[in-house]
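# Coordinate analysis (summary)
Residues per chain, in single letters:
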Amino acid sequence: QGGLSLTPSRCSGVGLALCQRLLEEDGRIHLCIACRNEQKSEATRDLILATYPAAQVSTVEVDLGNLASILRAARELRCRFQRLDFVYLNAGIMPNPHVNFKALWHGLLTGKVLHMLTTAEGIMTQTDRLNGDGLQEVFATNLFGHFILVRQLQSLLCGNEKPSRLVWTSSSNARESAFSLSDYQHAKGQESYSSSKYATDLTSVVLNRKFNGQGLYSSVVCPGLVMSNMTYRILPIFLWKLLMPIMWLIRFFAKTYTLTPYNGAEAHVWLFKQKPEYLDSLVKYHSCTSGLGRCYVEPRKMDVDEDTAEKFYQKLLELEEQTLEKYHDLLD
């Protein structure tokens, strides 16, 4: 009997491709799709079942940027399942992204343009705002909501006969320079996405230290540059149509230009087949695609300070205590 995989995602792009590829690997798994929109999750379920009619696919509604929604979803999942073998933490937002064309031009003149195009370092900015819980929206959705979900599902993840796995979707845009312990929600900067992804890397490192002994293992992946709804919002559609031939060409020099959601899910699926106790907790697993379209996974050491990770984890626990005080009716 296959295990149970929970996939909180936007139910499109890499999230949808991941669901399909997991069923390619093991049709016995029970796949639970977690989306913030019930209609979208049901449509995604129908799409998956059209290809895999015998698959076990269920849904749960959860908005990772809303604490009440997370707590309700976690309660429902605890009632429905006795354990979770995999939780793919893939939901993410990048509100109002802007390209700094001046920085891009400077990168072209200084020979750093390829690095900038593969990491978005220095050329991508976003505007953020507070959500209904009084948290910075990007931080809440991309990191803290996932953290609270994991904490609420701890009874399903720890102490099982087989190890349970967390697989976080990070980014090559996760940079220490965009993150600050004194402003970990990134209220004062313009690189909230990069900050939230670096915070993801830090969180995964600490979770391994805290929970490996209880059979819970955490890994971080980077899907590379994938053309998804999030990506298409960065530039007008007509510009993407003009740029696509160039991007396919760049892939001969930049292996992280995975471009398609199927390719972007390569590292997620690769981890599905690995024994977690043999993985390096300080490594990020990158989905890569060769110029000729061959998919493979490249492990790269993360630029994380373990002491900073521990301090950040303590701040997350403090924030958890503060923010969940008003939701005592949703807590067991």
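Figured I'd write up the structure that's included with this text. Values in this document were obtained by computation on a predicted structure and should not be read as measured data.

## Topic: a negative patch on the surface
A contiguous patch of negative charge on the surface is contributed by Glu38, Glu42, Asp46 and Glu61. By secondary structure assignment, the location of Glu38 is in helix α2 (residues 38-51).

## Notes on unusual backbone geometry
Unlike most non-glycine residues, His186 shows phi in positive territory, near 60°. Secondary-structure assignment places His186 in the loop between β7 (164-169) and α8 (192-211).

## A word on the pairing of strand β9 (residues 283-289)
Within β9, 7 of the 7 residues are buried, which leaves the element mostly enclosed by the surrounding structure. Across the two faces of β9 the burial is the same, with Val283, Tyr285, Ser287 and Thr289 and Lys284, His286 and Cys288 all buried. Sheet analysis places strand β8 (residues 216-222) next to β9, joined by 3 bridges and oriented parallel. Across the sheet, Val221 pairs through a bridge with Tyr285, a residue of β9. For β9 and strand β10 (residues 295-301), the ladder comprises 7 bridges, and the chain directions are antiparallel. Paired with Lys284 across the strands is Arg300, a residue of β10. As consecutive antiparallel partners, β9 and β10 are separated by 5 residues, and within that stretch Gly293 has a phi angle of approximately 95°, a positive value.

The rules behind these values
Throughout, residues of each chain are indexed from 1 in the direction in which the sequence is written. Restriction of local features to residues with pLDDT of at least 70 applies here, the model being predicted, together with a cutoff of 80 or more for giving and counting side-chain atom pairs; totals for whole chains, interfaces and linings are based on all residues. As a convention, hydrogens and water are excluded, and side-chain values are obtained from all of the structure's heavy atoms. The patches described consist of residues with a relative accessible area above 30% and no salt bridge, like charges being joined within 9 Å and nonpolar side chains (Val, Leu, Ile, Met, Phe, Trp, Tyr) within 5 Å. We get accessible surface area from the Shrake-Rupley algorithm with a probe of 1.4 Å; when it comes to residues, only the shown protein chains can shield them. We define a salt bridge as a side-chain nitrogen of Lys or Arg found within 4 Å of a carboxyl oxygen belonging to Asp or Glu. Asp and Glu are treated as the negative residues and Lys and Arg as the positive ones, with His and the ends of the chain left uncounted. Where a charge lies is defined by one atom per residue type, namely NZ (Lys), CZ (Arg), CG (Asp) and CD (Glu). Secondary structure is summarised from DSSP: a helix means a run of H or I of at least four residues, a strand means a run of E of at least two, and numbering begins at the N terminus for each. Burial classes: relative accessible area under 20% of the type maximum marks a residue as buried, over 50% as exposed, and values in between as partly exposed (1.4 Å probe, protein chains only). For two strands to be treated as a pair, DSSP must find no fewer than two bridges joining them.

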